Amino acid sequence: MTDSILDLRAVTREHGTGDALVQALRGVDLQLAPGELVAVMGPSGSGKSTLLNIAGGLDAPTSGSVRLAGTEIVGMSATALAALRRTSVGYVFQDYNLVPTLSAVENVALPLELDGVGWRDARRQGLEALDRIGLLEVADRFPDEMSGGQRQRVAIARALVGPRQLVLADEPTGALDTTTGEFVLTQLRDACDAGAAALLVTHEARYAAWADRIVYLQDGLELATQGAV
Ligand SMILES: Nc1ncnc2c1ncn2[C@@H]1O[C@H](COP(=O)(O)OP(=O)(O)OP(=O)(O)O)[C@@H](O)[C@H]1O
Ligand SMILES: [Mg+2]
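So, here is what we can say about the structure in this document. Just so we're clear, the structure is a prediction, and the values are computed from it rather than from any experiment. (Residues numbered from 1 in each chain as written. Chains lettered and ligands numbered in written order. Predicted model: local features only at pLDDT ≥ 70, side-chain atom pairs only at ≥ 80, totals over all residues. Heavy atoms only, no water.)

## Some thoughts on the site of ligand 1
So, step 1. Taken together, 13 residues are adjacent to ligand 1, and Ser44, Gly45, Lys48, Ser49 and Thr50 come closest.
So, step 2. Separating an oxygen atom of ligand 1 from a backbone N or O atom of Gly47 is a distance of 3.0 Å.
So, step 3. Here Ser49 contributes a side-chain N or O atom positioned 2.9 Å from an oxygen atom of ligand 1.
So, step 4. Those elements that place two or more of their residues in the shell around ligand 1 are β2 (22-32) and α1 (48-55). (Near = heavy atom within 4 Å. Polar contact = N/O pair within 3.5 Å; in protein donor to acceptor, adjacent residues only side chain to side chain. Helix = DSSP H or I, 4+ residues; strand = E, 2+ residues; numbered from the N terminus.)

## Here's the deal with the nonpolar core
So, step 1. Counting residues in hydrophobic clusters, the biggest one holds 37 residues, and the most contacted among them are Leu37, Val108, Leu130, Val154 and Leu188.
So, step 2. At the level of secondary structure, the elements contributing two or more residues to this core comprise β3 (37-41), α3 (104-114), α4 (119-132), α5 (148-160), β7 (166-170), α6 (178-193), β8 (197-201) and α7 (205-208).
So, step 3. Not counting residues within four places of it along the chain, the set of residues in contact with Val108 comprises Gly126, Ala129, Leu130, Val154, Ala157, Arg158 and Val161.
So, step 4. Of all hydrophobic cores here, the second largest spans 28 residues; its members include Ile5, Leu51, Leu68 and Leu199. (Core = buried A, V, L, I, M, F, W, Y, C linked by side-chain atoms within 4.5 Å. Buried < 20%, exposed > 50% of the residue type's maximum accessible area, 1.4 Å probe, protein only. Contact = heavy atoms within 4.5 Å.)

## What to know about unusual backbone geometry
So, step 1. Residues other than glycine seldom take positive phi values, yet Ala10 does so here, at roughly 45°.
So, step 2. With respect to the helices, strands and loops of the structure, Ala10 is situated in strand β1 (residues 6-15).
So, step 3. Even without being glycine, Ala69 reaches a positive phi, approximately 50°.
So, step 4. Following the sequence through the fold, Ala69 ends up in the loop between β4 (63-68) and β5 (71-72).

## With respect to the pattern of salt bridges
So, step 1. Per the counting criterion, the structure on display carries 10 salt bridges.
So, step 2. Linking Arg123 and Asp140 is a salt bridge whose minimum nitrogen-to-oxygen distance equals 3.4 Å. Of this pair, Arg123 sits in helix α4 while Asp140 sits in the loop between α4 and α5, and the two are 17 residues apart along the sequence.
So, step 3. Note that Glu204 and Arg206 form a salt bridge whose closest N and O atoms lie 3.0 Å from each other.
So, step 4. For Arg206, a relative accessible area of 39% translates into the label partly exposed.
So, step 5. Linked by salt bridges that have partners in common, Asp121, Arg124 and Glu128 make up one network. (Salt bridge = Lys/Arg side-chain N within 4 Å of Asp/Glu carboxyl O.)

## Concerning the side chain of Glu171
So, step 1. You can see Glu171 is positioned in the loop between β7 and α6.
So, step 2. For Glu171, which is buried and forms no salt bridge, the nearest opposite charge comes from Lys48, at a distance of 5.3 Å.
So, step 3. At 3.3 Å, the side chain of Glu171 and the side chain of His203 are in polar contact.
So, step 4. Among all residues touching Glu171, those that are not within four sequence positions of it are Gln94, Gln152, Val201 and His203. (Lys, Arg positive; Asp, Glu negative; His and termini not counted.)

Written out as structure tokens, the structure reads:
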């Protein structure tokens, strides 16, 4: 597929050596077209977070190819990769990773400011993004003044702000009640319907049901892929 937003070929990732060798990924192929939401499921330790980190250029594969919007990122310089990541990839980490010294709206506006958007405009877009997820009232609070679920939603707003081509979400619904979780999925689904591609790690079938496809990982291998019912 030439028009893939994400194209992984024969990707492996090994940690350590000898007896301590861990094969986190053992040859994964995955292509994501614009508009596609793909769920990644599998037991703890099966390589889901490793897959997302490699897809977003936060970790390098031991072997294999990773193309982001047509550009091979394996072997790219750290500076070029950081620029590509900033403009193209939105990331929701398993542990949120909000900047503790920035307020909610400053966290959401950060990727825009890093892209060179002026702070007034970035703040306005940040407030709009928070409004969309029903969190305008926490805009000026710091992460340690928010609940876990609020922090998670702020992280999602940050991943979706601006023109993201690829959204990577590692269990973004973990700390959320069902209603808020479903709401987060509608946000991801909307981003994909607007042309982005997204990878969503989830343990819950009801969230995976929003995806176009489900990829099952086990021991670093793709067990099967199926269309969602
Ligand atoms: N830095 C590291 N050094 C050594 N082993 C690692 C490292 N990072 C990950 N691993 C190992 O790689 C494997 C895959 O880890 P990964 O975090 O991708 O799993 P996961 O599917 O996201 O699990 P979970 O559902 O618990 O988040 C695990 O066996 C893990 O222990
Ligand atoms: Mg994980």
